[in-house]
Amino acid sequence: MIRVAGKEHPWRQGMTVADLLREYADDPEPPVVRINDHYVSRPNFAQTTIPDHAEIFFIPMIAGG
Amino acid sequence: MSAYDFKLVKTFDYQRPAIDRGYAGQTLYVNVSSLEISAKPVTRQMKEIFIGGKGFDLWLLWNAVTPKTHWDDPENPVCIACGPLGGTPGYPGSGKSIAATLSPLTGAVIDSNVGGYFGPYLKFSGFDALEVQGKTDQDLVVFVDGIDQKVQIFAATGLPEDAYRLSEVLTDHFAQGKPRNISVVSAGPGAKNTSFGCLNFSWYDPKRKRARYKQAGRGGVGTVFADKGLKALVARWDAGISVDTNRPADKERLKKVAKLHAKEIVELDPKQNEMATIGTTHIVTIMNDHDLLPTHNFRYGSHREAANLGQAVYRRLFDPGYDGCWMGCTVACSHGVRDFIPLSGPYRGQKVFVDGPEYETIAGCGSNLGIFDPHTVIELNFYCDAYGLDTISVGTATAFAMECFELGLITPAHTGGMDLSFGNRASALELVHQMARGEGFGKIVGQGVRRMKAVFAGEFGADPKILADIGMESKGLEFSEYMTKESLAQQGGYGLALKGPQHDEAWLIFLDIVHNFMPTFEQKAEALHWFPMFRTWFSLCGLCKLPWNDIIPADNTSTPEPAKVMKHVQWYAEYFSSVTGREVSPDDLIRMSEAVYNFQRLFNLRMGFGRREHDTLPYRAMGPVTEVEYESRAERYDQQLTDNYKVDIAGKSTAEKVAALRGCREQQYEKLKDAVYQRRGWTSDGVPTLETVKRLGIDFPEVVALLKAGGVTA
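Residues numbered from 1 in each chain as written. Chains lettered and ligands numbered in written order. Predicted model: local features only at pLDDT ≥ 70, side-chain atom pairs only at ≥ 80, totals over all residues.

**With respect to the overall build of chain B**
Helices and strands together make up the secondary structure of chain B, namely 29 helices and 17 strands. For 714 residues, the compact-globule estimate of 2.2 N^0.38 gives 27 Å, and chain B sits close to it at 24 Å. Judged by the C-alpha coordinates and their principal axes, chain B covers about 80 × 55 × 55 Å. Of all intrachain contacts in chain B linking residues separated by at least 6 positions in sequence, the fraction that spans at least 24 positions is 71%. (Helix = DSSP H or I, 4+ residues; strand = E, 2+ residues; numbered from the N terminus. Rg over C-alpha atoms; globule rule 2.2 N^0.38 Å. Contact = placed C-beta atoms within 7 Å.)

Next up, the structure:
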């Protein structure tokens, strides 16, 4: 089990960030996703696997000082 | 600790006015030549048109200088102002000061927005802004004591040279046992010996029991300060500040909106960028992943070792604890490194506290120099601050020197034997020490990229064409640290910025490249109108921009204009209305800024700039200069030539494709200028029209005469 934006979500072996986001296809795709304290950008979504028990946050990245 | 002495040379006693709706109602004038100290009234017109902060700075500057004033003339003032909302505890990011002067790098107005307590303490002491004119051979300290209602000038001897020790000594000297009541503004030896000196603004960190500081970095405001003979400014005010201190028009309304924003940040920052833990360091790897992190003098946008400079490393290095540069700010992103031991320079082997680094310093003094060692970046950060040097200009100027060295345009004979290859950490540090001393090759680098180009071409025989293409400055100011080759909107964000290529006016790169929020020309032009205007507004009010768009509402992505974060813009309108009593809408905020923004453009015109020809960029900001750069991303560029620009590339050599792409991109940038000028109500030469200045209420006789003299009559 992982937590995605504060809610529990089933985990499976080999699950990538891109796999996870396909399940949230109705929402705008975030440019950055945080897995625990590791930031993953869109170009790396397909190659980055999610470990079990991870906490996932969708980072909007409007930012810029 | 050095033995020091203060000799009182002038005292100005005053009666502190009551703050009313965010304003003290007067500004402070100090002349370090004549030792005149006086108070000037803030007029109704100043409040209505210029609002405060940078707006007040500009108005004071406009009245202090002439078109012939040079940056080092005594009449060029250093102006520092807060703003009507500045000094509000509890509303995140409400402690900013804005410093402005005529820049040694650009010759035009430079403004720099900085944290620390000085601006709010100055205002609560009775002054919305401070204007310092004159020049002196003595080391002078100006002390604004809002508690005892006096302004004093001291001739000081024996004070430390560097800002790190100086802030500590002056805090201790003036605190009367309450160091949190003190804020110090100082430069350093590097500010005196280069053209890109910064100012350090302090606040006292009670948990760590030390003076911390933030920098007004850009454009050499510290150089002007040091050139005046100013050693430091010190403000003293009772740190027991509450929401009442600004005497807001509607306290309950203010408390309500402040609570909403502060609470949202506390809830969402841990789920978003974690700025209260890692500051802006998360941006490093994100930029790298999107090919936007400058490496090797902006040649490329990514590097395999970039993660060495990312948040995962600094998360471990930052000293944990509250790091707000203003009271009660919940963004609290001003992190630092405790017990750092430099390997070079006067602090070699001693434990120091380093305030930073932030993203810009990491990119400028790290990846852009081909340095991927976080400890070297921290050491460069420390010495730049202590010496009073802008880390962005230091990084960009050094990167330029390194590329020139690698291209053989300069040699060890010019660098005093230094190997300036990219990645040479020892040489990068040695250059900073030389800049601070005004010695050796560092003295040349310390004059900035524009003057380096002239020296390299004129004295060292380097090819001026390649220097123009790879010297990353515009209007004389060094680029801040974003790779703009693929973002036309950010090219405009840099090239059309009033003071030169600093991202604070229009940080559009991510919105353009990653979110694709502005795919058409018209949308880019609209963004280059709205964003610079709204971003300007923060500097009018004494605010930080980060709470606006670095932590955003959970439902923001489903709003019609997510890039603008309109829920927060509405909150800012509430904030302004509740403090000043002037009821405003989000559109009114844009109109306020538009008046000041156009006034600054006209100020540039008055100083001999501010036209289309001044909004130029080095080609490296637009595309690949060399064949090697092209070939590193050949698939991307080939595809663009074919699909976007309809160029037949069959049989073309790389050199021919570089030339073809250049023609297309330069044309595209000129087209963007046309669209933006039109949207802003400017002529095709980039000058505000008479109609525009009338609409904005800045049609002062001097402005109308200026436009007439420039051939603008409609």
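**As for the overall build of chain A**
For chain A, the count of helices and strands is 1 helix and 5 strands. Sequence-ordered secondary structure for chain A, helices as α and strands as β, is β-β-α-β-β-β. At 11 Å, chain A has a C-alpha radius of gyration in line with the 11 Å of a compact globule built from 65 residues. Each principal axis of the C-alpha distribution contributes one length, and for chain A these read about 35 × 25 × 20 Å.

**Here's the deal with the interface of chain A and chain B**
Facing the 18 residues of chain A at the interface are 28 residues of chain B. Elements with a contribution of two residues or more to the side of chain A that touches chain B: β4 (38–41) and β5 (55–59) of chain A. Tallied by class, residues from the side of chain A that touches chain B come to 11 nonpolar, 5 polar and 2 charged. (Nonpolar A, V, L, I, M, F, W, Y, C, P; charged D, E, K, R; others polar.)

**A word on the confidence of the model for chain B**
Averaged over every residue, the pLDDT of chain B is 97; the share at 70 or more is 100%. Scoring the predicted complex yields pTM 0.98 and, for the interface, ipTM 0.94. (pLDDT = per-residue confidence, 0-100.)

**Re the sheet that holds strand β4 (residues 78–81) of chain B**
Residues and elements named next belong to chain B. The 6 strands lie next to each other as β3-β2-β7-β4-β5-β6, forming an open sheet whose pairing is mixed. Pairing within the sheet leaves two strands with one partner each, and these edge strands are β3 (37–41) and β6 (109–114). Taken pair by pair, the neighbouring strands of this sheet meet at an average axis angle of 20°, ignoring direction. (Pairing = 2+ DSSP bridges. Axes fitted to C-alpha atoms, helices over the stretch in contact; angles between N-to-C directions.)

**With respect to the sheet that holds strand β11 (residues 199–205) of chain B**
Residue and element names in this part refer to chain B. Ordered in space as β1-β9-β8-β13-β10-β11-β12, the 7 strands form an open sheet in which the pairing is mixed. The open sheet is flanked by β1 (5–13) and β12 (210–216), the only strands paired with a single partner. Each neighbouring strand pair of the sheet contributes to a mean axis angle of 20°, computed without reference to strand direction. Direction of pairing for strand β8 (residues 140–145) relative to strand β9 (residues 150–157): antiparallel, over a ladder of 6 bridges. Paired with D145 across the strands is K150, a residue of β9.

**Section: unusual backbone geometry**
Residue and element names in this part refer to chain B. Omega for the bond connecting G356 with P357 falls within 30 degrees of zero, at 5°, which places this linkage in the cis form. Phi at E274 is positive, roughly 55°, even though this residue is not glycine. The residue E274 is located in the loop between α7 (251–268) and α8 (275–278) in this model. Judged by the 21 C-beta atoms lying within 10 Å of it, E274 falls in the buried class. Positive phi outside glycine occurs at K646, with the angle close to 55°. (Buried ≥ 20, exposed ≤ 12 C-beta atoms within 10 Å, placed from the backbone.)

**Considerations on the pairing of β9 of chain B**
Residues and elements named next belong to chain B. Relative to β9, β1 runs antiparallel, the two being bridged by 8 bridges. Bridge pairing links F12 to V151 in β9. Where β8 hands over to β9, the hairpin turn is made up of 4 residues, of which Q149 adopts a positive phi near 55°.

**A closer look at the packing of helix α2 (residues 54–64) of chain B against helix α24 (residues 586–606) of chain B**
Packed helices, taken two at a time, are described by the angle between their axes plus the distance between the axes. Residue and element names in this part refer to chain B. Axis separation between α2 and α24 bottoms out at 10 Å; the angle between their running directions is 30°. With respect to each other, α2 and α24 are oriented roughly parallel. Once α2 is placed against α24, the crossing between them reads as left-handed. Judged by residue contacts, K54, G55, L58 and W62 of α2 engage V596, F599, Q600 and F603 from α24. Here the contact of α2 with α24 is built from residues that sort into 5 nonpolar, 2 polar and 1 charged. (Parallel < 35°, antiparallel > 145°, perpendicular 65-115°, else oblique. Left-handed = near helix turned anticlockwise from the far one by under 90°.)

**Concerning the pairing of strand β5 (residues 97–102) of chain B**
Residue and element names in this part refer to chain B. Within β5, 6 of the 6 residues are buried, which leaves it mostly tucked inside the rest of the structure. Here β5 shows no split at all, with S97, A99 and T101 on one side and I98, A100 and L102 on the other all buried. Pairing of β4 with β5 involves 3 bridges; the strand directions are antiparallel. If you follow A81 over to β5, its bridge partner there is I98. Across 6 bridges, the pairing between β5 and β6 is antiparallel. Its bridge partner being in β6, I98 is matched across the sheet by N113.

**Focus on the domain arrangement of chain B**
Residues and elements named next belong to chain B. According to the domain assignment, chain B consists of domain 1 (5–236) and domain 2 (273–478). Taking only C-alpha atoms into account, the centre of domain 1 sits 27 Å from that of domain 2. With 39 residues of domain 1 at the interface, the matching set in domain 2 holds 33 residues. Elements represented by at least two residues in the side of domain 1 that touches domain 2 include exactly α4 (163–174), α5 (189–193), β11, β12 and α6 (221–227). Ranked by residues supplied to the side of domain 1 that touches domain 2, first place goes to β12 with 5 residues. A class-by-class count of the residues in the side of domain 1 that touches domain 2 yields 14 nonpolar, 19 polar and 6 charged. (Domains from an automatic or database assignment.)

**Description of the nonpolar core**
All names here are of chain B. Counting 234 residues, the largest nonpolar core has C79, A99, V234 and V432 as its most contacted members. In terms of residue count, helix α21 (residues 521–541) provides more of this core than any other element does, 10 residues in total. Taken domain by domain, the makeup of this core includes at least three residues from each of domain 1 (5–236) and domain 2 (273–478). Apart from the residues within four sequence positions on either side, V432 is in contact with L380, Y383, C384, L389 and V394. (Core = buried A, V, L, I, M, F, W, Y, C linked by C-beta atoms within 7 Å.)

**Quick word on the packing of α21 of chain B against α24 of chain B**
Residue and element names in this part refer to chain B. Two elements in contact, α21 and α24, have axes separated by 8 Å at closest approach and are oriented at 85°. Here α24 runs roughly perpendicular to α21, going by the angle between their axes. Between α21, through W530, P532, M533, F534, T536, W537 and L540, and α24, the contact on the second element is made entirely by L589, I590, M592, S593, E594, V596 and Y597.

**Things to note about the environment of G279 of chain B**
Residue and element names in this part refer to chain B. Relative to the assigned elements, G279 resides in the loop between α8 and α9 (283–289). G279 sits 41 residues away from D238 along the chain, and the two C-alpha atoms are 28 Å apart. Leaving out residues up to four positions away in the same chain, G279 has contacts with C333, H335 and E358.

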